[in-house]
Every structure is written in structure tokens, then in C-alpha cells.
Amino acid sequence: MSLTVATWNINSVRLRIGLVSKLLEGWQPDVLCLQETKCPQGQFPSGPIRELGYEHIAEFGQKGYHGVAIVSKRPFLAQATKPFCGKEDCRHISVTVAGTKPITIHNLYVPAGGDEPDPAINDKFAHKLQFIDELESWFGKDCVPKGHEGIVVGDLNIAPLEHDVWSHKDLLKVVSHTPIETEGLLRIQKKGKWVDLMRNHVPPEEKLYTWWSYRARDWEASNRGRRLDHIWSTQGLAPKCSRIEIVKEARGWQQPSDHVPVVASFSA
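Everything numeric in this text was worked out from a predicted model, so none of it was measured.

K.L.:
What is the right way to read the layout of surface pockets from this model?
P.N.:
To find leftover empty space, one rolls a probe the size of a water molecule over the atoms. Empty space within the largest pocket amounts to approximately 1100 Å³. Along the wall of the largest pocket there are 39 residues; nearest its centre are A112, G114, D115, N157 and W211. Listed by contribution, the elements that provide at least two residues to the lining of the largest pocket are α3 (123–139), β10 (211–212) and α7 (219–222). Per element, the largest residue contribution to the lining of the largest pocket is 3 residues, and it comes from α3. Considering only residue class, the lining of the largest pocket consists of 14 nonpolar, 12 polar and 13 charged. By volume, the second largest pocket is sized at about 190 Å³. Taken together, F139, G140, K141, D142, C143, V144, K191, G192, K193, W194, T234 and Q235 make up the lining of the second largest pocket. Residues that form the lining of the second largest pocket fall into these classes: 4 nonpolar, 4 polar and 4 charged.

Below, the structure is given as C-alpha cells:
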């Protein structure tokens with residue numbers, strides 16, 4: 001059974017529902033995972049999505065901030081959310097869909113961490129580091145049920161490798177690429193034996209970005225990007241990932257998110 005999974009930090013789903021529809025119409029993923037929906041629970045704009053054949057919607061939202069959702073052509077066998085750091089701030093949702101083995105898909109929105117990479121003076125960065133620690137512990141245990149395959153997607157707000165940023169040297173002290181963050185994310189990956197599907201298809205020595213700041217006057221010309229959005233899978237599923245596409249053109253759509261979608265295609 002083939003499967004296509006997309007992930008996108010949409011930066012307000014109600015503001016950009018037209019862009020969501022554009023992606024669904026043009027790329028037709030089986031499953032789309034959204035982050036930073038900024039949409040209170042129960043107010044997700046499901047109408048346009050259902051009209052396109054995405055009848056199955058799981059959402060976990062709050063007013064103004066954060067929020068995650070999964071829309072799918074395929075029915076959900078199960079769905080769940082998990083709190084982190086003692087907060088109910090809508091940063092995780094998972095669903096299970098049918099496959100050769102059931103496939104559990106985790107959709108994550110890791111805290112951005114603020115501007116100052118010092119947990120002693122920046123509570124947002126301290127929160128991010130605690131989130132990373134809890135994620136490492138959980139992913140090393142039971143986040144994928146026995147007998148299932150697993151996929152992790154989302155805005156992880158960390159660019160872990162040297163060529164995941166426009167300048168490794170210039171960003172070493174910038175939140176999202178500091179060693180304490182990058183090493184933490186790689187520990188999570190190792191602990192859960194996850195495969196970084198994007199880097200399976202694009203060698204680590206090549207530049208690879210999914211986010212370009214709104215602050216750049218011409219984001220495309222300056223090309224100062226970071227790879228903050230990720231798709232991982234369990235080792236059994238990784239060989240079936242036949243294609244990865246970063247939809248860079250979406251950064252140039254009208255009223256865009258600063259992130260672009262990433263689409264992974266799995267063969268039967």
C-alpha cells in the first residue's frame with residue numbers, strides 16, 4: 001500500500017486555508033500534518049478540506065498560539081495527544097493509519113526557544129531543552145506500538161547538521177543551531193532508531209532548507225535558510241520512501257508561511 005505524507009508549519013490555518021487547499025489540490029498527499037495552526041479547538045476550517053476528499057481530521061488547538069492538526073484521506077485507526085513539560089500547549093498529535101503494518105504518525109511542534117540560547121536567563125529556551133529531554137525519553141520507549149511502523153514529522157525548530165543552515169559558523173550561537181539543541185535532536189534520533197528521510201535522499205554535504213525568515217527583503221536572493229522541518233521513519237519503513245520533495249515554491253505564494261511543505265512518498 002503506497003502512502004504520501006506531507007508536513008507544513010502553516011502559521012495560522014484560518015489565515016492560510018487557501019494555501020492548504022492549493023497544496024492538497026496540487027500534490028494530493030494522503031496525509032497532511034500541520035503545525036502552528038493557531039486555531040481554537042473546534043474551530044478548525046474543515047469545510048474546504050473535506051470538499052477535497054480529506055474526510056478525516058484530528059486537531060489539537062488553542063487560541064492564538066501553537067496547535068497541530070492532521071488531515072487525511074484515510075481513516076484513523078487511533079489518535080492521541082501527549083502533553084510535554086507539564087503544559088497543555090498543543091504541540092503533539094498522533095494518528096494511526098492502515099498499511100502493510102499499521103503506521104503511527106507523530107506530528108510535533110517543538111518550542112522555538114526564543115532569542116537567547118541561555119536557559120538561565122531565557123525561560124523559552126529552558127522550555128525547549130526540557131521538551132527535547134522528554135522527547136528523547138519517550139521516543140526511546142513506547143512512542144510506536146509493537147507491531148507498528150512509525151513516522152515522525154513536524155516543525156522541530158532545530159537544524160541539526162552543518163548544511164542544514166546557510167552558515168554553520170555564523171549560526172552556532174543562534175537558537176535552532178546551537179550545539180546543545182543539535183546534539184539533543186540527534187540523540188532523540190539515535191535513541192528511537194529513527195531514519196532522517198530527507199538526508200537519506202539529499203546527502204548531508206548539500207545545503208537543504210525548509211524555512212526562510214520573513215525579515216529578508218528578498219528571501220530567495222539571500223537564501224539564508226534553515227532546515228527546521230523534518231520527516232523521520234522507523235527503519236523498517238525507510239527503504240520504502242521513494243521520494244522526498246521540498247515544495248520551495250510555496251514560500252513565494254501570496255501571504256506565505258515562512259516554512260514550506262515537505263512531502264514524503266512511500267511505495268507499497
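K.L.:
Before we go on, may I ask you to explain the packing of aromatic side chains in this structure?
P.N.:
The tally for this structure, following the rule as stated, stands at 8 aromatic pairs. Ring geometry for Y209 against W212: centres 6.2 Å apart, planes inclined by 80°, an arrangement best described as edge-to-face. Overall, the relative accessible area of 10% leaves Y209 in the buried class. Aromatic rings pair up to connect F84, F131, W138, F139 and W194 into one cluster. The lysine or arginine in question, K82, covers the ring of W138, its NZ or CZ lying 5.0 Å from the ring centre. When the ring centre of W166 is taken as reference, the NZ or CZ atom of R224 above it lies at 4.0 Å.

K.L.:
It is not clear to me how unusual backbone geometry should be interpreted in this structure. Could you clarify?
P.N.:
Among all residues save glycine, negative phi is the norm, and among peptide bonds the norm is trans. If you check the backbone angles, Q28 has positive phi at about 50° while not being a glycine. On the secondary structure map, Q28 appears in the loop between α1 (17–27) and β2 (31–35). Q28 gets classed as partly exposed once you look at its relative accessible area, which sits at 48%. Positive phi is not limited to glycine here, since N223 has a value of about 50°. The topology assignment puts N223 in the loop between α7 and β11 (225–226).

K.L.:
Got a minute to help me understand empty space enclosed by the protein in this structure?
P.N.:
Applying the stated criterion to the full structure yields 1 cavity of 30 Å³ or more. The computed volume of the largest cavity comes to approximately 30 Å³. As for the largest cavity, its lining consists of F60, K82, P83, F84, K87, E88, D89, C90, R91 and H92. Its residues assigned to classes, the lining of the largest cavity shows 4 nonpolar, 1 polar and 5 charged.

K.L.:
Before we go on, may I ask you to explain the pairing of strand β4 (residues 68–72) in this structure?
P.N.:
Within a regular strand, side chains alternate between the sheet's two faces. Of all 5 residues in β4, 5 are buried; the element is thus mostly enclosed. Of the two faces of β4, the one carrying V68, I70 and S72 and the one carrying A69 and V71 are both buried. The sheet contact formed by β2 and β4 spans 5 bridges and is antiparallel. Bridge pairing links L32 to V71 in β4.

K.L.:
In this structure, what is going on with the sheet that holds strand β7 (residues 103–109)? I would like to understand it.
P.N.:
Sheet strands associate in pairs through backbone hydrogen bonding, adopting either a parallel or an antiparallel arrangement. Spatially, the 6 strands line up as an open sheet ordered β5-β6-β7-β8-β12-β9, and their pairing is mixed. At either margin of the open sheet sits one strand with a lone partner, and together these are β5 (78–80) and β9 (195–196). Two strands pair when backbone bridges link them, and strand β8 (residues 149–155) and strand β12 (residues 229–233) are joined in this way by 5 bridges, in the antiparallel orientation. Across the sheet, the residue bridging to D155 is D229, located in β12. Set on the sheet, α3 makes contact with β6 (92–97), β7, β8 and β12; between it and β7 the angle comes to about 170°.

K.L.:
I tried to follow the packing of α3 against helix α5 (residues 179–191) on my own but got confused; where do I start?
P.N.:
Angle between the axes and distance between the axes are the two parameters that describe a pair of packed helices. Contact geometry for α3 and α5: axes closest at 8 Å, N-to-C directions at 15°. Taken together, the axis directions place α3 and α5 in an arrangement best described as roughly parallel. As for the relative orientation of α3 and α5, their crossing is left-handed in sense. Residues F125, K128, L129, I132, D133, L135, E136 and F139 of α3 touch α5, and the partners they reach there are I180, E181, G184, L185, R187, I188 and K191. When grouped by side-chain class, the residues that make up the contact of α3 with α5 number 8 nonpolar, 1 polar and 6 charged.

Reading guide: rules and limits
- Residues numbered from 1 in each chain as written.
- Predicted model: local features only at pLDDT ≥ 70, side-chain atom pairs only at ≥ 80, totals over all residues.
- Heavy atoms only, no water.
- 1 Å grid on protein atoms, 1.4 Å probe; cavity = no way out; pocket = protein on both sides within 12 Å on 5 of 7 lines; lining within 4 Å.
- Points joined across faces, edges and corners; volume = space filled by probe spheres on them.
- Helix = DSSP H or I, 4+ residues; strand = E, 2+ residues; numbered from the N terminus.
- Nonpolar A, V, L, I, M, F, W, Y, C, P; charged D, E, K, R; others polar.
- Phe/Tyr/Trp six-rings, centres within 6.5 Å; stacked < 30°, edge-to-face > 60°.
- Buried < 20%, exposed > 50% of the residue type's maximum accessible area, 1.4 Å probe, protein only.
- Lys NZ or Arg CZ within 6 Å of the ring centre and 35° of its normal.
- Pairing = 2+ DSSP bridges.
- Contact = heavy atoms within 4.5 Å.
- Axes fitted to C-alpha atoms, helices over the stretch in contact; angles between N-to-C directions.
- Parallel < 35°, antiparallel > 145°, perpendicular 65-115°, else oblique.
- Left-handed = near helix turned anticlockwise from the far one by under 90°.

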